[in-house]
Each structure stands twice: as structure tokens, then as C-alpha cells.
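Fold and contact review
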Amino acid sequence: MGLDTQGETPLTAAILAGRWIRAAAVDDDRGRHWLANPDARQRSALTAEPASLYAGGAGIVLFFLELAAATGHEAYLEDAAQGARRLAATWREQRDLSLYHGLTGIVVALAEAGWALGDESLEREARAAAERIAREARPLGGGPGWTGDPAQRGDGGIVLGLLRAATALGAPELEQLAVEAGERIAGLAVPGHRFGDCPDLPMDAVTPGFLAGTAGTSFLLARLYGLTGDRRFLEAADRGAGFVREISVVAGKCAVVPHHVPHERELHYLGFCSGSAGVARTFYELYRVTGDPGHLDWVRRLAGGIVQSGAPARRTKGFWDVACQCCGTAGLLELFVGLWAQTGEEGYLTYAQELAGHLIGGATDPDGRGYRWYQAYRRLRPGEVSADTGYMIGAAGIGAALLHLDAALQPRQARRVILLPDNPFPAIPVPRVRLCEVEKD
């Protein structure tokens, strides 16, 4: 499939996604939020997260910040500013503290917006929100925590968000708390094991994936090792990574990961949340902090498994009719742009362009209001099709992934992209060798 199946480039497709999200804007005296799905007679896959990084305002603010950087149009900065002002005015109402669905994600968005907009009031609100998260830590066995869940969806994501906030806001006390919470997680026998307390999972299920399982927790521990040099973190990360390798299905230079064991060894998600695109981040982070080429080899194996599956054109049980960052094509695009940025290997960029072409070809614009993507977000409900505006679930995140590819395709105009705290790939998605070639010219 070609790159511009509707005559659009990644950048213009992202602009059209922004147009549709703008059509969902609702302003009030506290700022701006966006409807989860503005289409008439349509409903959102998730409607109860108006401020979250996953499906609401925090993620959309980040997208508009990136769109402004990519286009130079200040109108998108105003979109981001209005959304950030509402986050600043409403974060005290947030009860969930997690990264993707709660207050930690809002802290990330406010800190990024404050920096990009030069608005110190947003940074102050980000710090106040982060301090609330710190105050709500409670003693658990082995150290402080919040939810008791070591995975990214729980304490793992909060720790990653606090690490980002500590750097962005100049708050070393947040880093210290994050390290202490990480020490508790590192003490678990195999970090990240979480038995089935999710809907649709058996009670004895063990999930090796990224958002709700072992791989994501190992990623966190590898990040803490890189920060502190404390080998307890590395040893714990290696235990988790070893478990993931042990249960994976390997064929030649390709590998796929079961969704959960022992029940679904043949169900191999490809996306970010529970599949190869997310698990690959763990092995890349281990490679980044240790330099061990064996970890990079596993990143390549997981990427090879995605290519070998026939995605994006071929649908499988673990890669269904879904386009979003969480479990769909946009999440794969993030992986392959990241691999291109790390290795400079043309095959990764070519495949990223194929993924982008598939995304662009699957966009719809029936009313001239901009691009949206209809998808079956929940694999077990294939007839429940919707389009959303949010980051991990809809147009904002798809648009961001397309912007990251656009940046990779323009080494002469290299720009910083906004990567979430659990994305370990280069923040300027252009291989170092390409940047050097441009400098010589």
C-alpha cells in the first residue's frame, strides 16, 4: 500500500485529524474540552474520561502542541492553551491517580504545555498536582505506593510520570519518592505478574504485556536502573524480561508474545497495550541502559513477528479492525519510527510508511469536518464500532504517530516530538547518521 492513498501525506492527514478534533471542542468559563465523539448519532468507546491522557483532554493537548510545532500555526497553540487551562482548573476533581486514566497523565500534559507555551502558571499547577500524588502515597509492603498494582496501569505508570515531572519541574523530591516506590516493585518475585483482575480474563491468568503486565513493569525497573545505577533494579528487570522471553513463541528471527497464560498461548496481540509493540519497548529500554545487544536482538525479533504476521493489511485474532495507539496500527507505527530513529535501517522506515499509508487509507471524512477512524476498539465486541478524538483511543494519537513519521522523513527540519514517559525511543526521530549527513551538506 502506498503512503498517500487519499492523496495525503502524514502531515496533511494529521492536520485533517486536528480539524475533526477541533469540531469536537466545547468551551466554558474554565477552558476547553473535547467531546469523545462529536459525530451525530455516534457514541464513544470510552465516555467517562474527559481529562485523561488515554481518552480525553490531556492527550489532545499534547497532540495540538505537536501539531503547532509541525506546522508553525499558532492557532494550534491556542487550542492546546485552552485545553491546558481547563486541566489546570479541574485537576483537583480527579480521583484516579494513574498515568493513562488519571492525574499523573494530567501532570505530564500540564508540564509539557507550560514549557511549550512559556506559561509558568501551568507549570505551577503541574507541580501542585504532582505534590498531591506524592501526598497520597501510602505505605505498602516494602515501600510506598498508591494502588498496589505494579503494572503501568497502576503504580508503575505513576512512578514513570513522577520521574518525568521531577525533571520537567525541577522537583528532586518527586524522583526520590519514585525511586522508593520502585524499590518496592523490584522486590517482587517476578515484577509485573498480575493475576486476572481484568474484565474478560480468568482469575488465574498472568499477563506478560505492557500496560497490565510483566513487560511494562520491567520497563519501569530498567528505567530506574538507568537513573540510579542500582543493580537491584536491573536484576528485577531482567527477571521480568526473562519470563517474557520464556513464554514467547519464537520462530527463526521472529517472536510473538501470548496475551495471557496459561490460557491464551496462541492469542498474540501485536499492539502497544498487550502485544509486541509494547513489549519491544521493554527490551529497547534494557538495551538503552545496558548496551547489551541481546536486548536489541529481541526488539528486532518482536518487530519481525509483526511484519511476518502480514499486518497491517492482514487481520488476525490479535490484530483486528483497530487503528489507535493502544492496540492498533498507530501503536505499530510508533515502534517502527522509533526503530528507524535508533538504527537508521531503511526497512523499518519503509514499513512505517506502509503502516501510515494504511492509516491514511482507512480514515473517513463524510462531512468535510476532518479525518476520523472508525474501529472496533474492544476485540471481544466486534460489532461495537466507534470513532474517538482521544490520544490512545482515537484521532489525536493517530495524528501524533503520523507527525512522528513526518518528522522522521524530514531530517533537514528535525524537530523534537513529544513522547509519553513510557516511550524510550529518540525524541528527535531521525537517525544520528542522517543528522550528521545533513550537517556536512
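All of the points below concern the structure found in this document. Once a new chain begins, its residue numbering starts again from 1 and follows that chain's sequence as written. Thresholds applied to this predicted model are a pLDDT of at least 70 for local features of residues and 80 or more for the giving and counting of side-chain atom pairs; totals over whole chains, interfaces and linings are not thresholded and use all residues. Where side-chain values are given, they derive from all heavy atoms of the structure, hydrogens and water being excluded.

**Structural notes on the overall build of the protein**
Note the threshold: Segments assigned H or I by DSSP are reported as helices when at least four residues long, segments assigned E as strands when at least two residues long, and all are numbered from the N terminus. Exposure is judged per residue with a 1.4 Å probe applied to protein chains only, and the accessible area is read against the type maximum: over 50% gives exposed, under 20% gives buried, and values in between give partly exposed. Throughout, a contact is declared for two residues whenever any of their heavy atoms are within 4.5 Å. Note on areas: these come from Shrake-Rupley sampling with a 1.4 Å probe, and a residue is covered only by the protein chains present in the view.
Scanning the protein for helices and strands turns up 15 helices and six strands. Counting only C-alpha atoms, the protein reaches 55 × 55 × 50 Å along its principal axes. Every one of the 441 residues in the protein was classed for burial, and the buried ones make up 60%. Pairs at least 24 apart in sequence give 65% of the contacts found in the protein among residues at least 6 apart. Working note: accessible area of the protein is about 16500 Å², and carbon and sulfur atoms make up 50% of it.

**Thoughts on the layout of surface pockets**
Filter applied, for reference: Of the grid points, spaced at 1 Å and generated over the protein atoms alone, those admitting a 1.4 Å probe that cannot get out make up cavities, while open sets with protein on both sides within 12 Å along at least five of seven lines make up pockets; any residue with an atom within 4 Å of a point is treated as lining. Grid points are joined across faces, edges and corners, and a volume is the space filled by probe spheres set on the points. Each residue gets one of three labels, nonpolar for Ala, Val, Leu, Ile, Met, Phe, Trp, Tyr, Cys and Pro, charged for Asp, Glu, Lys and Arg, and polar for the others, Gly among them.
Here the second largest pocket is characterised by a volume of approximately 580 Å³. Lining the second largest pocket are 24 residues, with Leu163, Arg164, Thr167, Arg223 and Pro421 positioned closest to its centre. Looking at the lining of the second largest pocket, the elements that each hand over two or more residues are helix H4 (103–117), helix H6 (155–169) and helix H8 (214–228). Sorting elements by how many residues they give to the lining of the second largest pocket places H6 first, with five residues. Residues of the lining of the second largest pocket, tallied by class, amount to 14 nonpolar, three polar and seven charged.

**Thoughts on unusual backbone geometry**
Following valine 261, the chain continues into proline 262 via a peptide bond in cis, with omega recorded as 5°. Within the secondary structure, proline 262 sits in the loop between strand S6 (254–256) and helix H10 (276–290).

**Overview of the packing of aromatic side chains**
Our working rule: We call Phe, Tyr and Trp rings a pair once their centres come within 6.5 Å, taking the six-membered ring for Trp, and we label the pair stacked below 30 degrees between planes, edge-to-face above 60, and tilted otherwise.
Counted according to the given criterion, the structure contains 14 aromatic pairs. Both rings, one in phenylalanine 64 and one in tyrosine 76, keep their centres 6.1 Å apart while their planes meet at 15°; by these two values the pair is stacked. Taken as a pair, phenylalanine 64 in helix H2 (residues 57–71) and tyrosine 76 in helix H3 (residues 74–90) lie far apart in primary sequence, 12 residues in all. In terms of burial, phenylalanine 64 and tyrosine 76 fall into one category: buried. With a centroid separation of 6.2 Å and an interplanar angle of 50°, the aromatic rings of tyrosine 284 and tyrosine 287 are classed as tilted. Placement of both tyrosine 284 and tyrosine 287 in helix H10 is noted, with a separation of three residues, approximately one turn of the helix. Owing to a relative accessible area of 4%, tyrosine 284 belongs among the buried residues under this scheme. Among the aromatic residues, those joined into a cluster by ring pairs are Tyr54, Tyr100, Phe210, Phe219 and Phe272.

**A closer look at the packing of helix H1 (residues 10–22) against helix H14 (residues 395–408)**
Put simply, the rule reads: Angular values range over 0 to 180 degrees, each being the angle between N-to-C directions of two axes fitted as lines to C-alpha atoms, with helices fitted over their stretch in contact. Angles below 35 degrees are treated as roughly parallel, those above 145 as roughly antiparallel, those between 65 and 115 as roughly perpendicular, and all remaining angles as oblique. It is the rotation of the near helix from the far one that decides the hand of a crossing: anticlockwise by less than a right angle makes it left-handed, clockwise makes it right-handed.
At a minimum axis distance of 8 Å, the contact between H1 and H14 shows a crossing angle of 155°. Judged by the angle between their axes, H1 and H14 are roughly antiparallel. Judged by the twist between their axes, the crossing of H1 over H14 is left-handed. Where H1 approaches H14, its residues Pro10, Leu11, Ala13, Ala14, Ala17, Trp20 and Ile21 are matched on the opposing element by Ala395, Ala396, Gly399, Leu402, Leu403, Leu405 and Asp406. Its residues placed into classes, the contact of H1 with H14 shows 12 nonpolar, one polar and one charged.

**Quick word on the pairing of strand S1 (residues 25–28)**
Rules: Strands were regarded as paired on the criterion that DSSP finds at least two bridges between them.
By the bridge criterion, four bridges tie S1 to strand S2 (residues 31–34) in an arrangement that is antiparallel. Bridge pairing links alanine 25 to tryptophan 34 in S2. Between S1 and S2, which pair antiparallel and follow one another directly, the connecting turn spans two residues.

**Quick notes on the side chain of aspartate 119**
This is how the line gets drawn: Counting of polar contacts relies on pairs of N or O atoms within 3.5 Å, with two restrictions inside protein: one atom must be capable of donating a hydrogen and the other of accepting it, and residues adjacent in sequence are counted only when both atoms are side-chain atoms.
Along the chain, the position of aspartate 119 falls in the loop between H4 and helix H5 (120–135). A polar atom in the side chain of aspartate 119 sits 2.4 Å from the side chain of serine 121.

**What about H3?**
As a reminder of what qualifies: One less than the number of residues in a helix, times 1.5 Å, gives the span that helix is expected to have.
Taking 1.5 Å of rise per residue, 17 residues should cover 24 Å, and H3 covers 25 Å from first to last C-alpha, within 8% of that figure. Of all the residues in H3, the buried ones are Tyr76, Asp79, Ala80, Ala81, Gln82, Gly83, Ala84, Arg86, Leu87, Ala88 and Thr90. Residues of H3 that are buried make contact with H1, S1, S2, H2, H4 and H5.

**Details of the packing of H6 against helix H7 (residues 172–186)**
Look at H6 against H7: their axes get within 8 Å of each other, and the N-to-C directions meet at 155°. When the interaxial angle is binned, H6 and H7 end up roughly antiparallel. As for how H6 packs across H7, the hand of that crossing is left-handed. Of the residues in H7, those in contact with Asp155, Gly156, Val159, Leu162, Leu163, Ala165 and Ala166 of H6 are Leu174, Glu175, Leu177, Ala178, Ala181, Arg184 and Ile185. Grouping the constituent residues of the contact of H6 with H7 by class yields 10 nonpolar, one polar and three charged.

**Let's talk about the pattern of salt bridges**
We apply this condition: Salt bridge, as used here: a side-chain nitrogen of Lys or Arg that lies within 4 Å of a carboxyl oxygen of Asp or Glu.
Taken as a whole, this structure holds 31 salt bridges when the rule is applied. Salt-bridge contacts for aspartate 39 lead to arginine 372; the nearest nitrogen and oxygen are separated by 3.0 Å. Of the two residues, aspartate 39 is situated in the loop between S2 and H2 and arginine 372 in the loop between helix H13 (346–362) and H14; the sequence distance between them amounts to 333 residues. Between glutamate 264 and lysine 317 there is a salt bridge, with its nearest N and O atoms 3.9 Å apart. Placement of glutamate 264 in the loop between S6 and H10 and of lysine 317 in the loop between helix H11 (293–308) and helix H12 (329–343) is noted, with a sequence separation of 53 residues between them. A single network of salt bridges, built from pairs that share partners, joins Asp39, Asp365, Asp367, Arg369 and Arg372.

**Let's talk about the side chain of aspartate 149**
Of note, aspartate 149 is situated in the loop between strand S4 (143–145) and H6. The class for aspartate 149 is buried, based on a relative accessible area of 7%. Engagement of the side chain of aspartate 149 in a polar contact is seen with the side chain of arginine 153, the distance being 2.6 Å.

**Things to note about the environment of histidine 404**
Residue placement: histidine 404 occurs in helix H14. Overall, histidine 404 belongs to the buried group, its relative accessible area being 2%. Each C-alpha atom of the pair histidine 404 and serine 98 lies 25 Å from the other, and the pair is 306 residues apart in sequence. One polar contact links histidine 404 to glutamate 66, side chain to side chain, over a distance of 2.9 Å.

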